[in-house]
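Coordinates in review
Read off the chains here:
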Amino acid sequence: MNILHDERIDGKLPRVNRSVLLQELTAHLPGLHLLHKDEDLAPYECDGLSAYRTKPLLVVLPETVDQVQTIMKICHDFGAPVVARGAGTGLSGGALPIEQGVLLVLAKLNKILEINPEGRFARVQPGVRNLAISEASAPYGLYYAPDPSSQIACSIGGNVAENAGGVHCLKYGLTVHNLLKINIITVEGEFLTLGSDALDSAGFDLLALFTGSEGMLGIVVEVTVKLLPKPNVAKVLMASFDDIGKAGQAVGNIIAAGIIPGGLEMMDNLAIKAAEDFIHAGYPIDAQAILLCELDGVESDVEEDCQIVRSVLENSGATAIQMAKDEAERQRFWAGRKNAFPAVGRISPDYYCMDGTIPRRELSNVLTGIQTLSEEYGLAVANVFHAGDGNMHPLILFDANQPGELEKAEALGGKILELCVKVGGSITGEHGVGREKINQMCSQFNNDEIEVFHAVKAAFDPKTLLNPGKNIPTLHRCAEFGKMHIHNGELPFPELERF
Amino acid sequence: MTLAPSHTAHDSPYRPGDRPTTTSEALLLEQVHQAMAEKKPLSIQGGNTKSFLGRPVEAPVICTKSHSGIVSYDPTELVVTVRAGTLLSELETILDEKGQMLAFEPPHFGEQATVGGMVATGLAGPRRPWSGSVRDFVLGTKVITGQGKLLRFGGEVMKNVAGYDVSRLMVGSYGCLGLITEVSMKVLPKPKHQQHLSLKLPQRDALAYLEKWGQASLPLTAACFFNDTLYLRLEGGDSSVKTFANQLNGSEIDPNFWVSLKEQQLPFFKDSGLLWRCSVPSQSPVLDLPGEQILDWGGAQRWLKTSQSPEAIRTAVAKLGGHATSFTPGITTTPFHPLPNLLMRYHQRLKAKLDPSQLFNPGRMYSDY
């Protein structure tokens, strides 16, 4: 099944007359930055999931909220679909354009409107980069906690759309835990505020509903995020293991000891070697697994916890334990992990990054399952893992120039996600469904559940003009996907119960 | 009664629809189906401890209390899955035995308080500004929908961004979007050390201190002010708690103070008067309204006893960027802060889509849905 929008199963798209729409937009918004020539559209034909490309009908780059509002009103009148895009770093094709739709790029709405140290919040436009918020808050000893690996480039609007995570989620939460308020423009061009400057607001929690809704319910034009006081001190312990199962057990033991680390990351041997070769972080290349455990907070508490974690790691069978001796070494330990994806990119012509989550106790089973699948498909898999919160990032190594390898990688990826669902996990922890995992949604949710999602969508976007074809599959698609998965008259995982 | 297969047919070619897992769940589903057939609404009730909140619902009661018990609890996963009718006190005891807790300290308002009611009302206690609220800890729910289907959203994993976050939407929706039968939540280890202190000082100084402390990494997890006294709870490692306590030089107080505060057992709450909950930005000045006030959540939640009109209270609170909820039944027909027209329209649309026949708790939140 093609990943690009397939009108036969993803729903018909309206036919929009490009030149008339173009005229209308320029007439109402003479100053609007607008791209429509083929060569200008090319840079926008994909997001971070670059294997899939479609040229949009038009690209608009508004610089004010008023412009966004007018664009939405015009597109609504025209019945033109709108795909929102921030920095375009998303890994699931959530901002993949459609041929019949306008690509609404919010990157130029990039102003930090307010840093309020007394209220511990920052009010920013959606195109502001994640890291820029922490940088602007740093003079006040504050920061914005969620830190996706792409934080130097990704925009906060995209973070809201995807409910982005990072390496510090277990302790500090995802985007949804760190928002106070968003302003949105509805599909009809209305201005709506969700959440408030207080810790809660009256009515349904629409702020939670919108977070992670992948541009399907409205366009985010302003975000108020919570800021946290920067921990006084952060220490990182690196533990090596000769067996990945032992490393997984150690994670459970740390938590059983009553400690919630700021970050708790695991890498397998293939990922360790790739990262070490690239970053020279000082990783032990012969280890089967390493754990990076960061403890942060008040200095004396961190010292106390480091002692406890060290002894837990020793008792869990770590072959070596090393504490970053200074800030430079701590940064280096993290640099290896944060650059694991590009590092793997150096050892393989292409790689495909997955984003499944599992209950941690299933780690050994799932890794064994991935190994079996990897052999079956003849493609190597490197494993990087937000161990604390059960979010796996298996990286499938392949060569797109070899005929059929991309399809094989996709099929293997799909199998890995289905395995995650089977053990009680999810097909996506932080990258989102987008277009990439649209089929696997059918394995995580049944038709009735998917219909509820469509009902939610219909409450905000009855004509399905916002990001059509993403996030929630049509029942038609699930039926096709189901057929594809029935082998010898049997459903996959016939023993499957819901978790 | 048969538990399987349920009416939710195997309509997905790929995976089966959900079935009730217990007789009590099957009974709830059956009651919902019967109400649907008779075209009659239902008033959802757990332990009946929080029914004084919101607007009265004129409908037969569907009671979740018999659907109780812990479905699964793995302390090292930091996740517990509980049936809606489970007593909140029972859940807290079980977590306590493993050195864990519901970090948001939900108020019970009575011995019979259930987990379902906790989720439906979304109320949180003194630790809320530091730990997060109920919605921040809900990972998944099993819900009987307005279409009479038993469905699951979210799950038992910490991170899950597949589909819309229907589970968190359920939190604080007062049963208006569906009947919660089961909930999975993140739990946390209990703090290693605690100290409970009070300091005598005027409110202006208290607010200034709270603002300053909020910007520093300190082991503070509760802050409340009234009667010229600032009550503080320090939690964390032994030495950080001691260091901060020494710096504060306050008087030690009974740790149960925090329970009395969240359960509204302090004399302030027991004495007569019309009670309002005002949720405001924490740095807001003292509310410019006559009557008595307790400042909780480090300033972000103000309990107000006043005879002022709902309109006057709401105008004052909205000016600060907040909202006000009546905690005394019968004094207003809009106990929840009125919503702007456009926002109300989207609430109505959402309700109409998820509960098209107005089956669950019609009018509980607003007369509009």
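Residues numbered from 1 in each chain as written. Chains lettered and ligands numbered in written order. Predicted model: local features only at pLDDT ≥ 70, side-chain atom pairs only at ≥ 80, totals over all residues. Heavy atoms only, no water.

Once that is clear, we can look at the overall build of chain A. A tally of regular secondary structure across chain A gives 18 helices and 18 strands. In terms of overall dimensions, chain A is globule-like: its C-alpha atoms have a radius of gyration of 23 Å, near the 23 Å expected for 499 residues. If you line up chain A on its principal axes, its C-alpha atoms span 70 × 65 × 45 Å. Across the 499 residues that make up chain A, the buried fraction comes to 63%. Taking as baseline every contact in chain A between residues at least 6 positions apart, the subset at least 24 positions apart corresponds to 72%. Accessible surface computed for chain A: about 17,000 Å², of which carbon and sulfur atoms make up 50%. Side chains of chain A carry 41 positive and 64 negative charges; the gap between the two charge centres is 3 Å. (Helix = DSSP H or I, 4+ residues; strand = E, 2+ residues; numbered from the N terminus. Rg over C-alpha atoms; globule rule 2.2 N^0.38 Å. Buried < 20%, exposed > 50% of the residue type's maximum accessible area, 1.4 Å probe, protein only. Contact = heavy atoms within 4.5 Å. Areas by Shrake-Rupley, 256 points an atom, 1.4 Å probe, with all protein chains shown as cover. Lys, Arg positive; Asp, Glu negative; His and termini not counted. Charge placed at Lys NZ, Arg CZ, Asp CG, Glu CD.)

Turning our eyes to something else, we now look at the state of the cysteines. Residue and element names in this part refer to chain A. Inspection of every chain in the model, using the stated rule, returns 1 disulfide over all chains. The disulfide partner of C442 is C478, and the gap between their sulfur atoms is 2.2 Å. Between C442 and C478, the S-S dihedral sits near -80 degrees, and the bridge is therefore left-handed. Of the two residues, C442 sits in helix α16 (residues 441-444) while C478 sits in helix α18 (residues 475-485), which places them 36 residues apart along the sequence. The thiol of C306 is unpaired, and the distance to the nearest cysteine sulfur, on C293, comes to 7.7 Å. A residue is classified by how much of its surface remains accessible, and C306, at 2% relative accessible area, is buried. (Disulfide = S-S within 2.5 Å.)

Residues and elements named next belong to chain B. Evaluation of the coordinates by the stated rule reveals 6 cavities of 30 Å³ or more. Here the second largest cavity defines a volume of roughly 200 Å³. Around the second largest cavity, the lining is made up of 20 residues, and of these G154, N160, V161, D165 and R168 lie nearest the centre. Elements with a contribution of two residues or more to the lining of the second largest cavity: β6 (138-144) and β7 (150-154). (1 Å grid on protein atoms, 1.4 Å probe; cavity = no way out; pocket = protein on both sides within 12 Å on 5 of 7 lines; lining within 4 Å. Points joined across faces, edges and corners; volume = space filled by probe spheres on them.)

In the numbering used here, UniProt assigns the "domain: FAD-binding PCMH-type" (unreviewed entry) feature to residues 52-230 of chain A. Annotation note: span residues 52-230 of chain A, helix share 21%, strand share 25%, distance between end C-alpha atoms 39 Å. (UniProt positions renumbered as here; feature names shortened; annotations may be inferred.)

Right, let's talk about helix α10 (residues 269-279) of chain A for a bit. All names here are of chain A. If you check which residues of α10 are buried, you get N269, A271, I272, A274, A275 and E276. In this structure, the buried side of α10 is in contact with β13 (263-268), β14 (289-297), α12 (327-338), α13 (340-347) and β17 (381-386). Taken from the residues just after α10, H280 is the one with a positive phi, measuring 55 degrees.

Bringing the pattern of salt bridges into the picture now. Residue and element names in this part refer to chain A. Under the counting rule described, the total for this entry stands at 46 salt bridges over all chains. Across the salt bridge formed by K246 and D242, the nearest N and O atoms sit 3.1 Å from each other. The partly exposed category is assigned to K246, whose relative accessible area is 33%. Here D242 falls in the partly exposed class, since its relative accessible area comes to 45%. In this structure, R337 engages E265 in a salt bridge whose closest nitrogen and oxygen atoms are separated by 2.6 Å. With a gap of 72 residues between them, R337 in helix α12 and E265 in strand β13 connect regions that are remote in the sequence. When sorted by exposure, R337 lands in the same class as E265, which is buried. (Salt bridge = Lys/Arg side-chain N within 4 Å of Asp/Glu carboxyl O.)

So, on to the interface of chain B and chain A. With 83 residues of chain B at the interface, the matching set in chain A holds 112 residues. Summed over both partners, the interface of chain B with chain A buries about 7,900 Å², with 58% contributed by carbon and sulfur atoms. Where chain B meets chain A, there are 10 salt bridges. Here E188(A) and R349(B) are joined by a salt bridge, their closest N and O atoms 3.4 Å apart. On the surface where chain B and chain A come into contact, there are 31 residue pairs in polar contact (both at pLDDT 80 or more). Per element, the largest residue contribution to the side of chain B that touches chain A is 9 residues, and it comes from helix α12 (residues 341-354) of chain B. (Buried area = accessible area lost by both parts, 1.4 Å probe. Polar contact = N/O pair within 3.5 Å; in protein donor to acceptor, adjacent residues only side chain to side chain.)

Moving on to the domain arrangement of chain B. One widely used convention gives an interface's size as the accessible area the parts lose upon coming together. Residue and element names in this part refer to chain B. Per the domain assignment, the segments making up chain B are domain 1 (23-189 + 349-354) and domain 2 (193-326). Relative placement of domain 1 and domain 2: their C-alpha centres are 28 Å apart. Listed by partner, the interface residues are 14 residues for domain 1 and 15 residues for domain 2. Taken together, the two surfaces of domain 1 and domain 2 that pack against each other cover about 1,200 Å², and 58% of this comes from carbon and sulfur. Among the residues of domain 1 in contact with domain 2, F109, P126 and W130 are the three that bury the most area, contributing 47% of the side total. (Domains from an automatic or database assignment.)

Moving on: the nonpolar core. Judged by nonpolar contacts, the single largest core of 164 residues is most densely connected at L291(A), M185(B) and L350(B). Those residues in contact with L350(B) that sit more than four places away from it in its chain are F204(A), L206(A), L209(A), V456(A), A459(A), F460(A) and L169(B). The next biggest cluster of nonpolar side chains, apart from the first, holds 28 residues, and it includes L32(A), V60(A), A84(A) and L465(A). (Core = buried A, V, L, I, M, F, W, Y, C linked by side-chain atoms within 4.5 Å.)

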